[in-house]
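Observations on the model geometry
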Amino acid sequence: MEAPNNHVAPAPFDSAQGRLCRLSRGQLAPAPQARRLRDSRLEGGATNRNMRRILIATSNPGKLRDFAGAAAVHGIEIAGIPNFSSLPLVVEDGQTFEENARKKAEEYSRYVSGEIVVADDSGLEVDALNGAPGVHSARYAADEPYLADANTDDEANNARVLRKLENLPVEKRTGRFVCVLAAARDGKTLQTFRGVAEGIILNSARGTNGFGYDPLFYFPQIQKTFAELSAQEKSKYSHRGAAFRQFLDWCEKRISENAI
Ligand code: ITT
């Protein structure tokens, strides 16, 4: 899916100013303030001492909030790529979440030499719709989602799902959120990670948090929709939280092996 025209800069997280995340050992001498921050947050359960901030490539502020929620649990800060909104949009024309995630991470990592950049491609797969909206989740309300070159409104996307599932009994309203996260450096993918959350698509919206299809996505384990959770709570159960935890484990292992 192509990033929307009203490309939103991840301003609240874009406070890097020369102190952005570098996961590689010894590449970055952190500013004293950053070091203090890191040390204090390590007590909260950070996975290793080298990880400070992670650069996320996304135009979607909802995703950034999710990543921040997941990172906070581990005592890690995330940041947007500097001047992200002014970078050329990456055309998301892959057939799979993985293809698109790799493409985004690779292309955006070229703008921040030496940094590890994380991008995700994600979406909702509804069984009764043969896996749609799938990779076209961000523009499902378009007449022909696979041809659309801009994202459509969350509300319109949700309305289309509801229309398509009208009168379908609850036992047939199964689906899942999928997130494939790619980590890349200097134009090359280092690793990808996949997270899935299984749920039920409600017949009306519930909750005001989150973004996208969250108000329709009921998670039976906690009897709430994702839109009824804070970003930190959502990260415990969500596809993005699951993929992000795998990424953190991978980072920790690679750093302990001196591999990044
Ligand atoms: P970037 O490509 O810039 O990251 P995007 O919104 O275009 O932003 P995707 O192409 O990956 O991102 O599309 C993902 C869409 O899937 C998103 O716009 C939502 O409609 C839906 N989606 C993905 N994860 C979701 C989540 O956690 N909650 C609700 N909807 C989600």
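Above this text you will find the structure in question.
Residue numbering note: each chain is counted from 1, following its sequence as written. The model is predicted, so local features are restricted to residues of pLDDT at least 70 and side-chain atom pairs to those at 80 or more, both for listing and for counting; the totals for chains, interfaces and linings are taken over all residues. The side-chain quantities take in all heavy atoms of the structure and omit both hydrogens and water.

The next thing to look at is the environment of Pro-145. Numbering of helices and strands runs from the N terminus, with a helix taken as a DSSP run of H or I at least four residues long and a strand as a DSSP run of E at least two residues long. Inspection of the secondary structure puts Pro-145 in the loop between β3 (116–126) and α4 (154–164). The exposure class assigned to Pro-145 is buried, which follows from its relative accessible area of 11%. Note: C-alpha distance between Pro-145 and Pro-133 (12 residues apart in sequence) is 8.6 Å. The contact definition used throughout considers only heavy atoms, calling two residues in contact when any of these lie within 4.5 Å. Excluding anything up to four places from it in sequence, Pro-145 contacts His-136, Arg-139, Tyr-140 and Arg-160. We call a residue buried when its accessible area falls under 20% of the maximum for its residue type, exposed when it is over 50%, and partly exposed in between, using a 1.4 Å probe and counting protein chains only.

Any residue with at least one heavy atom within 4 Å of a molecule or strand is counted as near it. In the vicinity of the ligand there are 23 residues, among which Thr-58, Ser-59, Lys-104, Asp-214 and Lys-234 approach most closely. Nitrogen and oxygen atoms within 3.5 Å of one another constitute a polar contact, given that in protein one can donate a hydrogen and the other can accept it, and given that sequence-neighbouring residues count only through two side-chain atoms. Taking Lys-63, its side chain carries an N or O atom lying 2.8 Å from an oxygen atom of the ligand. Ser-122 is positioned such that a nitrogen or oxygen atom in its backbone is 3.1 Å from an oxygen atom of the ligand. Areas reported here follow the Shrake-Rupley algorithm with a probe of radius 1.4 Å; residue values treat only the protein chains shown as occluding. In isolation the ligand offers 610 Å² of accessible surface; the protein chains occlude 98% of this area. Element by element, the count of residues in the shell around the ligand is highest for β3, at four residues. Any residue outside Ala, Val, Leu, Ile, Met, Phe, Trp, Tyr, Cys, Pro, Asp, Glu, Lys and Arg is labelled polar, Gly included; the first ten of those are nonpolar and the last four are charged. For the shell around the ligand, the residue count by class is five nonpolar, nine polar and nine charged.

By convention in these notes, a salt bridge is any Lys or Arg side-chain nitrogen within 4 Å of a carboxyl oxygen on Asp or Glu. Taken as a whole and assessed by the stated rule, the structure comprises 14 salt bridges. As a salt-bridge pair, Asp-121 and Lys-104 come within 3.2 Å of each other at their nearest N and O atoms. Taken together, the residues span a long stretch of sequence, with Asp-121 in strand β3 and Lys-104 in helix α3 (residues 97–109) at a distance of 17 residues. Of the two residues examined, Asp-121 and Lys-104, each falls in the buried class. In this structure, a network of salt bridges that share partners links the residues Lys-63, Asp-66, Asp-120, Asp-214, Lys-234 and Arg-240.

This part takes up helix α6 (residues 239–256). End to end, α6 covers 26 Å across 18 residues, agreeing with the expected 26 Å (1.5 Å per residue, within 8%). Those residues of α6 not exposed but buried are His-239, Arg-240, Gly-241, Ala-242, Ala-243, Phe-244, Phe-247, Leu-248, Trp-250, Cys-251 and Ile-255. Within two residues after α6, Asn-258 carries a phi angle of roughly 55 degrees, on the positive side. How far a helix is expected to stretch is found by multiplying one less than its residue total by 1.5 Å.

With that settled, the discussion passes to the side chain of Glu-106. Within the secondary structure layout, Glu-106 lies in helix α3. In summary, the charge assignment counts Lys and Arg as positive and Asp and Glu as negative, without counting His or the chain termini. Arg-102 is the oppositely charged side chain nearest to the buried, salt-bridge-free Glu-106, at an N-O distance of 4.1 Å. In this structure Glu-106 touches Ala-184, Gly-187, Lys-188 and Thr-189, once residues within four positions along its chain are discounted.

This next bit is on the sheet that holds strand β1 (residues 53–56). Between any two strands, at least two bridges found by DSSP are needed for them to pair. The seven strands are arranged β2-β1-β3-β4-β5-β6-β7 in an open sheet whose pairing can be described as mixed. Pairing within the sheet leaves two strands with one partner each, and these edge strands are β2 (77–80) and β7 (224–225). For β1 and β3, the ladder comprises two bridges, and the chain directions are parallel. Counted as the bridge partner of Ile-56 is Val-118 from β3. Its contacts with the sheet place α3 against β3, β4 (174–185) and β5 (188–201), and it is angled at close to 155 degrees to β3. Fitted lines through C-alpha atoms serve as axes, helices being fitted only where they are in contact, and the angles separating the N-to-C directions of these axes extend from 0 to 180 degrees. Sitting on the sheet, α6 touches β1, β2, β3, β4 and β5, and the angle it makes with β5 is about 150 degrees.

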